[in-house]
Amino acid sequence: MMKRSWVLSRPLYPTPVALITSISPEGKPNIITLAEVFMPCVRDPLTIGLAINPTRYSNSLIRATGEFVVNIPTDDMVRIVDYCGTVSGRDVDKFKMTGLTPEVAVKVKPPMIKECPVSIECRLKQVTPIGYHDFFMGEGLAVHVDETILNENKIDMNKAKPLVYNLGEYWTCGTLIGKHGFTHGKF
Ligand SMILES: Cc1cc2nc3c(=O)[nH]c(=O)nc-3n(C[C@H](O)[C@H](O)[C@H](O)COP(=O)(O)O)c2cc1C
């Protein structure tokens, strides 16, 4: 295997895709697509990391209210995902334009997105400027999962149909090829 040294700002692939909802202090909700940098940080307490450019409207909303909701779309929502990542809530009402349904959250003010099978209500814990982005860390306060994507209390990937992102491309997920620990003591 010949490896080329490559100056690449996005060497980790693929990354999960999320629609993050926020709300203005006046109560107007917004949606931003994140996939460039969106990650689980810690499981307990559930902590989620997002890098949001300071120019994004969502950056100012999350800073102002200290709250956001992580919504995980299904692959058939790819057009909505792309749209919410190419226009600003300063100019358009993305709920209205996409037809997505806002759902009242339990612990935070930003709405959940009804069409997304998973929504995680988060409270902002920390913001750290890194390069030309701000890294937000949020603590999960409540997790909502559509029962129809569950299989024996686990998320069934064939039903959840998550999207992943690779350097400007949207991909669906592939095939189950193993389970955690399946080689234990048997290599
Ligand atoms: C697939 C995809 C992934 C994106 N990932 C990020 C990201 O991780 N961080 C970021 O600041 N912007 C990201 N963007 C760009 C924002 O979604 C975009 O600038 C959006 O229009 C900002 O909306 P707002 O101004 O309403 O907050 C991404 C866009 C797309 C389409």
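For the structure, check the block above.
Let me sum up the structure you'll find in this document. (Residues numbered from 1 in each chain as written. Predicted model: local features only at pLDDT ≥ 70, side-chain atom pairs only at ≥ 80, totals over all residues. Heavy atoms only, no water.)

1. Some thoughts on the overall build of the protein chain
The condition that has to hold: Put simply, DSSP marks the helices as runs of H or I at least four residues long and the strands as runs of E at least two long, and each gets a number from the N terminus on. We take the radius of gyration over the C-alpha atoms and set the globule estimate at 2.2 Å times the residue count to the 0.38 power. Think of it in three bands: with a 1.4 Å probe and only protein chains considered, a residue is buried below 20% of the maximum accessible area for its type, exposed above 50%, and partly exposed in between. We call two residues in contact when some of their heavy atoms are within 4.5 Å. Per-residue and other accessible areas were derived by the Shrake-Rupley procedure at a 1.4 Å probe size, with only the shown protein chains allowed to occlude residues.
Each helix and strand in the protein chain was counted, giving four helices and 14 strands. For 187 residues, the compact-globule estimate of 2.2 N^0.38 gives 16 Å, and the C-alpha radius of gyration of the protein chain, at 17 Å, lies within 12% of that figure. On the principal axes, the C-alpha backbone points of the protein chain span a range of 60 × 45 × 30 Å. Sorting the 187 residues of the protein chain into buried and exposed places 39% on the buried side. Summarising the internal contacts of the protein chain: among those between residues at least 6 apart in sequence, 60% fall at separations of at least 24. Surface accessibility of the protein chain: about 12000 Å² in total, with carbon and sulfur atoms responsible for 56%.

2. Observations concerning the state of the cysteines
The criterion, for reference: Throughout, a disulfide means two cysteine sulfur atoms within 2.5 Å of one another.
A full pass over the atoms with the stated rule returns zero disulfides. Cysteine Cys116 shares no disulfide, and the gap to the nearest cysteine sulfur, in Cys84, comes to 9.2 Å. Cysteine Cys173 is unpaired, with the sulfur of Cys116 as its nearest cysteine sulfur at 15 Å.

3. With respect to the sheet that holds strand S14 (residues 169-172)
Condition: Only strands that DSSP links by at least two bridges are regarded as paired with each other.
Read from one edge of the open sheet, three strands run S1-S13-S14, paired in antiparallel fashion. Edge positions in the open sheet fall to strand S1 (15-16) and S14, since each of these has one partner strand only. Where strand S13 (residues 163-166) meets S14, four bridges bridge the pair, whose relative direction is antiparallel. Bridge pairing links Tyr165 to Tyr170 in S14.

4. Details of the site of the ligand
Convention followed: Throughout, the term near means that a residue has one or more heavy atoms lying within 4 Å of the molecule or strand in question. Any pair of N or O atoms that falls within 3.5 Å is considered a polar contact. Within protein, one atom must be able to donate a hydrogen and the other to accept it, and sequence-neighbouring residues count only if both atoms are side-chain atoms.
The immediate surroundings of the ligand are formed by 23 residues, with Thr33, Ser58, Val87, Ser88 and Gly89 found nearest. Ala35 places a polar main-chain atom, nitrogen or oxygen, 3.1 Å from a nitrogen atom of the ligand. The separation between an oxygen atom of the ligand and a polar main-chain atom of Val37 is 3.1 Å. Out of a free accessible area of 660 Å², the ligand has 91% covered by protein chains.

5. Concerning unusual backbone geometry
Going from Tyr13 to Pro14, the amide bond is cis rather than trans, its omega being -15°. Among the structural elements, Pro14 can be located in the segment before S1. For the bond from Asp44 to Pro45, the omega torsion is 5°, close enough to zero to count as cis. Within the fold, Pro45 resides in the loop between strand S4 (38-42) and strand S5 (47-52). Located in the positive-phi region is Glu152, a residue other than glycine, with phi close to 45°. Positionally, Glu152 belongs in the loop between strand S11 (150-151) and strand S12 (154-155).

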